[in-house]
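# Observations on the model geometry
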Amino acid sequence: LDANLPAKLINGGIAGLIGVTCVFPIDLAKTRLQNQQNGQRMYTSMSDCLIKTIRSEGYFGMYRGAAVNLTLVTPEKAIKLAANDFFRHHLSKDGKKLTLLREMLAGCGAGTCQVIVTTPMEMLKIQLQDAGRIAAQKKLMAAQAQLSSSSAAGAAEPVVEARTTATQITRELLRSKGIAGLYKGLGATLLRDVPFSIVYFPLFANLNKLGQKDPNVKAPFYVSFLSGCVAGSTAAVAVNPCDVIKTRLQSLQRGVNEDTYSGILDCTKKIWQKEGPMAFLKGAYCRALVIAPLFGIAQVVYFIGIAEFLLDILPKHRA
């Protein structure tokens, strides 16, 4: 390996923290757009969602659930990037250049490993991100009921959103369903993350090679950044149908008259029948906008090798 494992873990963590901070509001819009069903649409687009979120919940409303991501994205991204390097290293032990199939196998291994952290992280994040949409929907329904009421005595009571925290949700899930509660949607997460990694890592590696003048010298950082952006957005759009299914399955709260689902097949069938095939592309451009800079930044952090630098100078400083 071209860097030791602790360095790769630190690099992955730093990349995740920087990326999440930059693109989290777009991710929130993606979750809300994917969760809204026909007949109860609160938002028409990403920009409409963000504008309405700021108006009703304030600027920091766009960062609901960010604390969960910032806490868990470090191990998640670290595992993903380090696992891919680990599998690539062991699949190329014979000294030969990695074939496309072996690159895809390495990506498959990385995607499988990361769901250990990704599933509970996404589970908690989705509840917090979507809470504002459900509260806004209830307020709208209450306002409509009040307008249609014939007398003041029949007016609907104003809806007050009861804000919950990730800790409260975690405690309730562990109390009622045990550890399995935090891993609801595990199958759908695997269905999304494994194909994503199979597409992303080989595509990034081959795009990055185009910018290498010498196979033994790293490509310029801007090549790594652009390669990460292109590979990330391509893989994100490719697996978006799986992401829609995962988001729906992991949502514990539903809006008014919204469907519930018993599993992957039931969810797929109901979305197809009631919302049409285009529903599987909901939030696709948001997801591309999230993933592109996220993985571009990740690859630049890897390129710079911040962790290697720190691990190199600390022993010298102590001495």
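For the structure itself, consult the block above.
Residues numbered from 1 in each chain as written. Predicted model: local features only at pLDDT ≥ 70, side-chain atom pairs only at ≥ 80, totals over all residues. Heavy atoms only, no water.

## What to know about the overall build of the chain
Of regular secondary structure, the chain possesses 11 helices and 0 strands. The helix and strand sequence of the chain, counted from the amino end, reads α-α-α-α-α-α-α-α-α-α-α. Evaluated residue by residue, the chain yields a buried proportion of 49% over its 319 residues. Across the chain, the fraction of contacts at a sequence separation of at least 24, relative to all contacts at a separation of at least 6, is 80%. Working note: accessible area of the chain is about 15,600 Å², and carbon and sulfur atoms make up 66% of it. (Helix = DSSP H or I, 4+ residues; strand = E, 2+ residues; numbered from the N terminus. Buried < 20%, exposed > 50% of the residue type's maximum accessible area, 1.4 Å probe, protein only. Contact = heavy atoms within 4.5 Å. Areas by Shrake-Rupley, 256 points an atom, 1.4 Å probe, with all protein chains shown as cover.)

## What about the pattern of salt bridges?
Under the counting rule described, the total for this entry stands at 19 salt bridges. Residue Lys125 is joined to Asp27 by a salt bridge in which the shortest nitrogen-to-oxygen separation is 2.7 Å. Note that Lys125 is positioned in helix H4 (residues 100-148) and Asp27 in helix H1 (residues 5-35), a separation of 98 residues in sequence. Given a relative accessible area of 2%, Lys125 falls into the buried group. Among the ionic contacts, a cluster of salt bridges with common partners joins Asp27, Lys30, Glu122, Lys125, Arg192, Asp193, Asp243 and Lys246. (Salt bridge = Lys/Arg side-chain N within 4 Å of Asp/Glu carboxyl O.)

## Re H4
An ideal rise of 1.5 Å per residue puts 72 Å on 49 residues; H4 reaches only 62 Å between its terminal C-alpha atoms. Of all bends in H4, the biggest is about 50°, found at Val115. (Expected span 1.5 Å × (residues − 1). Bend = angle between axes of the 7 residues up to and from the residue.)

## Regarding the packing of helix H3 (residues 66-91) against helix H6 (residues 186-209)
At their nearest, the axes of H3 and H6 sit 12 Å apart, and the two run at 70° to each other. By the angle between their directions, the pair H3 and H6 is classed as roughly perpendicular. Here H3 runs over H6; the crossing is right-handed. Only Phe196, Ser197, Phe201 and Ala205 of H6 make contact with H3, whose side of the interface consists of Lys80, Leu81, Asn84 and Arg88. Split into classes, the residues belonging to the contact of H3 with H6 amount to 4 nonpolar, 2 polar and 2 charged. (Axes fitted to C-alpha atoms, helices over the stretch in contact; angles between N-to-C directions. Parallel < 35°, antiparallel > 145°, perpendicular 65-115°, else oblique. Left-handed = near helix turned anticlockwise from the far one by under 90°. Nonpolar A, V, L, I, M, F, W, Y, C, P; charged D, E, K, R; others polar.)

## Description of the packing of aromatic side chains
Overall, the coordinates contain 8 aromatic pairs when judged by the stated rule. Seen in terms of ring centroids, Tyr59 and Phe60 are 5.4 Å apart; in terms of plane orientation they differ by 80°. Their pairing is edge-to-face. A residue is classified by how much of its surface remains accessible, and Phe60, at 67% relative accessible area, is exposed. Centroid distance Phe196 to Tyr200: 5.8 Å. Interplanar angle 10°. Geometry classified as stacked. (Phe/Tyr/Trp six-rings, centres within 6.5 Å; stacked < 30°, edge-to-face > 60°.)

## Some remarks on empty space enclosed by the protein
Throughout the structure, instances matching the rule amount to 1 cavity of 30 Å³ or more. What the largest cavity holds in volume is close to 290 Å³. Forming the walls of the largest cavity are 23 residues, and the residues nearest its centre are Lys77, Glu122, Arg287, Ile291 and Leu294. Going through the elements one at a time, H1, H3, H4, H6 and helix H10 (284-304) are the ones with two or more residues in the lining of the largest cavity. Residue composition of the lining of the largest cavity, grouped by class: 10 nonpolar, 3 polar and 10 charged. (1 Å grid on protein atoms, 1.4 Å probe; cavity = no way out; pocket = protein on both sides within 12 Å on 5 of 7 lines; lining within 4 Å. Points joined across faces, edges and corners; volume = space filled by probe spheres on them.)

## Structural notes on the side chain of Thr189
By the element assignment, Thr189 lies in helix H6. Look at Thr189 and you get buried, because its relative accessible area is 0%. Of note is the side chain of Thr189, whose polar atom sits 2.8 Å from the backbone oxygen of Gly185. The contact partners of Thr189, leaving out residues within four places of it in the chain, are Val115, Thr118, Thr119, Lys246 and Gln250. (Polar contact = N/O pair within 3.5 Å; in protein donor to acceptor, adjacent residues only side chain to side chain.)

## Points about a nonpolar patch on the surface
Taken together, Phe221, Tyr222 and Leu226 make up a surface patch of nonpolar side chains, about 340 Å² in accessible area. Checked against the element boundaries, Tyr222 lands in helix H7 (residues 221-238). Exposure remark for Tyr222: the relative accessible area of 48% places this residue in the partly exposed category. (Patch = residues over 30% accessible without salt bridge, like charges linked within 9 Å, V, L, I, M, F, W, Y side chains within 5 Å.)

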